[in-house]
Amino acid sequence: MSKYAVRNPATGEVLETFPTATDAEVAAAVAAAADAHETWGRKTTVAERAAVVARVAELHRERADQLAEAIHLEMGKALGAAKGEVLFSADIYQYYADRAETLLADQEIELLGGEGHALIRRQSVGALLGIMPWNYPVYQVARFAAPNLLLGNTIVLKHAAQCPRSAALQAQILADAGLPEGGYVNVYATSDQIADVIADPRIHGVSLTGSERAGSIIGELAGRHLKKCVLELGGADPFVLLSTDDLAGAVDDALSARTGNVGQACNGAKRFVVVDELYDAFVGLLHDKIATAGTGAPLSSVGAAEELAGQVAAAVGAGATLVSAGERDGAFHPVGVLTDVAPDNPAYHQEFFGPVAMVFRAADEADAIRIANDTPYGLGSYVYTTDPEQADRVASALEVGMVFVNGVGLEAVELPFGGVRRSGYGRELGTLGIDEFVNKKMIRVAR
């Protein structure tokens, strides 16, 4: 049986399977993408490509219900959240289409001497490989595809094995929007085939969103073949509470940032770091909230829920205290909070990819920063304080790629997304998102 299958995590039922690509089909995908770059990518105008990207946005809106249903069945996301993901993805395509001329305008360079002028011209680099995850099956593709198609780069896209239906629907949207054959090619490839794609000289860059382990493998392969690589990997984002005039609101925000997408988000708040004077009250309110928490949507699979339950059990076995909303049932995992997690506990430096948070007591601001930075990851973070100067000071001290102050759920199409350390490198979205796979060509004219 093909590993590409739609398996409803709520029931375990296999609803549809898709054949794994043959070696010949993968080779044909690379050839088509390379050819499309030479014909479409190099020879179309920015305005022509922007029109295609704008149509992609429009079709996402028109087919939002269809895509949302696919996401719901593939990885368990609630229909409302799945539709929200599709509409946000449409906004990403629209953002780049609307700003195409500005984002790709020539950038003049001030000469320090001599006559003439110089500039930077942003141009495509060629066919790219995208390797996408299951937790945001449409949003992750949009972050990668929108800016690169606007540039004229073409795309070979390997989606997660459990998301073949949404992968096919997105490929159809891009074709219906006017991309030529090879402009965007969906392949149900194996890991061995992907290694061959990365080695192919016609592929000029690789973007992966996935696990730390996958990032290590893909980064090594890309480096071996001298390919530019963007990696968006795991995270153990801190939620740092230093002061507040609304503790109940801060608890609600913390819980929302932990349980969004049933906790299956790289940039979800996973470690709550609370100063001593607020700690007991914060934990008490948090426990009250958990006591009334419902089951919610399932995790992406029974295996994912079992893995999370194993991590929690190991943490408790090493001395942590667990307060939970219930017991695991198949792919459904209850919301939980771990306290008393010591640095020698295996959970201390782990990423929990599900609705379980850890809470840490900090003596003061400096201690909170120390705890927040005591992680191999560095994706995002949240800082809550009533002191603007403290907010700025702590934001600067956190070793992360993103800081959100006094708010959660503030991600937006114009805000760059990415991290440091073992959370990967490179940026997506915003003005920085179009500068990853681009030839910033310098042109110097003497007269």
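Residues numbered from 1 in each chain as written. Predicted model: local features only at pLDDT ≥ 70, side-chain atom pairs only at ≥ 80, totals over all residues. Heavy atoms only, no water.

## Quick look at the packing of helix α3 (residues 64-75) against helix α7 (residues 164-176)
Between α3 and α7, the least distance of the axes is 8 Å, while the angle of their chain directions is 160 degrees. Looking at the two axes, α3 sits roughly antiparallel to α7. You can see that α3 and α7 cross each other, and the crossing is left-handed. Across the interface between the two elements, Q66, L67, A70, L73 and E74 from α3 touch P164, R165, S166, L169, Q170 and I173 from α7. A breakdown of the residues in the contact of α3 with α7 according to their chemical character gives 6 nonpolar, 3 polar and 2 charged. (Axes fitted to C-alpha atoms, helices over the stretch in contact; angles between N-to-C directions. Helix = DSSP H or I, 4+ residues; strand = E, 2+ residues; numbered from the N terminus. Parallel < 35°, antiparallel > 145°, perpendicular 65-115°, else oblique. Left-handed = near helix turned anticlockwise from the far one by under 90°. Contact = heavy atoms within 4.5 Å. Nonpolar A, V, L, I, M, F, W, Y, C, P; charged D, E, K, R; others polar.)

## Remarks on the UniProt feature "domain: Aldehyde dehydrogenase" (unreviewed entry) in the chain
Per the UniProt annotation, the sites labelled "domain: Aldehyde dehydrogenase" (unreviewed entry) are residues 3-443. For residues 3-443, the end-to-end C-alpha separation is 48 Å, with 42% helix and 19% strand making up the annotated structure. (UniProt positions renumbered as here; feature names shortened; annotations may be inferred.)

## Description of the side chain of Q311
Mapped onto the elements of the fold, Q311 is located in helix α12 (residues 302-317). Overall, Q311 belongs to the buried group, its relative accessible area being 14%. (Buried < 20%, exposed > 50% of the residue type's maximum accessible area, 1.4 Å probe, protein only.)

## Here we look at the side chain of E351
For E351, the position within the fold is in the loop between β13 (336-339) and β14 (356-362). Within the local environment of E351, its side chain forms a polar contact with the backbone nitrogen of G235, the two atoms lying 3.2 Å apart. Ignoring sequence-local partners within four residues, the contact set of E351 consists of G234, G235, C266, K270, Q311 and Y377. (Polar contact = N/O pair within 3.5 Å; in protein donor to acceptor, adjacent residues only side chain to side chain.)

## Points about the pattern of salt bridges
Pairs may arise between side chains of opposite charge once their charged atoms sit close together. Summed over all chains, the structure comprises 24 salt bridges. Of the charged contacts in the structure, one is a salt bridge between R361 and D280, with a shortest N-O distance of 3.1 Å. One end of the pair, R361, is in strand β14; the other, D280, is in helix α11 (residues 276-291), and 81 residues separate them in sequence. A relative accessible area of 39% means that R361 is categorised as partly exposed. (Salt bridge = Lys/Arg side-chain N within 4 Å of Asp/Glu carboxyl O.)

## A few points about helix α1 (residues 23-43)
The end-to-end C-alpha distance of α1 is 30 Å, a good match for the 30 Å that 21 residues give at a rise of 1.5 Å each. If you check which residues of α1 are buried, you get V26, A29, V30, A32, A33, A34, A36, H37, W40 and G41. (Expected span 1.5 Å × (residues − 1).)

## Points about the sheet that holds β13
Judged by pairing direction, the sheet is mixed, and its 7 strands sit side by side in the order β12-β13-β14-β11-β10-β15-β16 without closing on themselves. With one partner strand each, in any of the chains shown, β12 (321-324) and β16 (404-405) form the two edges of the open sheet. Across 5 bridges, the pairing between strand β10 (residues 237-241) and strand β11 (residues 269-275) is parallel. Counted as the bridge partner of L241 is V274 from β11. Together, β10, β11, β14 and β15 (382-384) form the strand contacts of helix α10 (residues 247-259), whose direction differs from that of β11 by roughly 155 degrees. Of the strands in this sheet, β10, β11, β12, β13 and β14 touch α11, which is tilted by about 140 degrees from β11. (Pairing = 2+ DSSP bridges.)

## Digging into the sheet that holds strand β9 (residues 228-232)
One open sheet accounts for 6 strands, arranged β7-β6-β5-β8-β9-β17; its pairing is mixed. Each end of this open sheet is capped by a strand with a single partner; those strands are β7 (184-186) and β17 (424-425). With 5 bridges connecting them, strand β5 (residues 127-131) and strand β6 (residues 154-158) associate as parallel partners. The residue of β6 that forms the bridge with G130 is L157. Docked against the sheet, helix α6 (residues 139-151) engages β5, β6, β7, β8 (203-209) and β9, running at close to 165 degrees with respect to β6.

## Some details on the packing of aromatic side chains
Under the counting rule described, the total for this entry stands at 13 aromatic pairs. Between F88 and Y139, the ring centres sit 5.5 Å apart and the planes meet at 25 degrees, which makes this aromatic pair stacked. Here Y139 lies in helix α6 and F88 lies in helix α4 (residues 79-98), a separation of 51 residues in the sequence. Of the residues examined, Y139 reaches a relative accessible area of 9% and is grouped as buried. On the numbers, 5.7 Å between centres and 65 degrees between planes, the contact of F239 with F272 is edge-to-face. Of this pair, F239 sits in strand β10 while F272 is found in strand β11, placing the two residues 33 residues apart along the sequence. F272 sits in the buried class, given a relative accessible area of 0%. Every member of this aromatic cluster is reached through a ring pair, and the members are F239, F272, F282, Y382, Y384 and F404. Seen from the ring of F417, R143 lies directly overhead, with NZ or CZ sitting 4.2 Å from the centre. Stacked on the ring of F437, the Lys or Arg K228 has its end atom at 5.6 Å from the ring centre. (Phe/Tyr/Trp six-rings, centres within 6.5 Å; stacked < 30°, edge-to-face > 60°. Lys NZ or Arg CZ within 6 Å of the ring centre and 35° of its normal.)

## Some points on the environment of Q172
With respect to the helices and strands, the residue Q172 is situated in helix α7. The spacing of Q172 and V185 is 13 residues in sequence and 9.7 Å in space, taken between C-alpha atoms.

## Let's talk about the packing of helix α2 (residues 46-62) against α6
Interaxial distance between α2 and α6 falls to 8 Å at its minimum, and their mutual angle equals 155 degrees. Taken together, the axes of α2 and α6 are roughly antiparallel relative to one another. Between α2 and α6 lies a crossing whose hand is right-handed. Residues V46, R49, A50 and V53 of α2 touch α6, and the partners they reach there are A146, L149, L150 and L151. The class makeup of the residues in the contact of α2 with α6 is 7 nonpolar, no polar and 1 charged.

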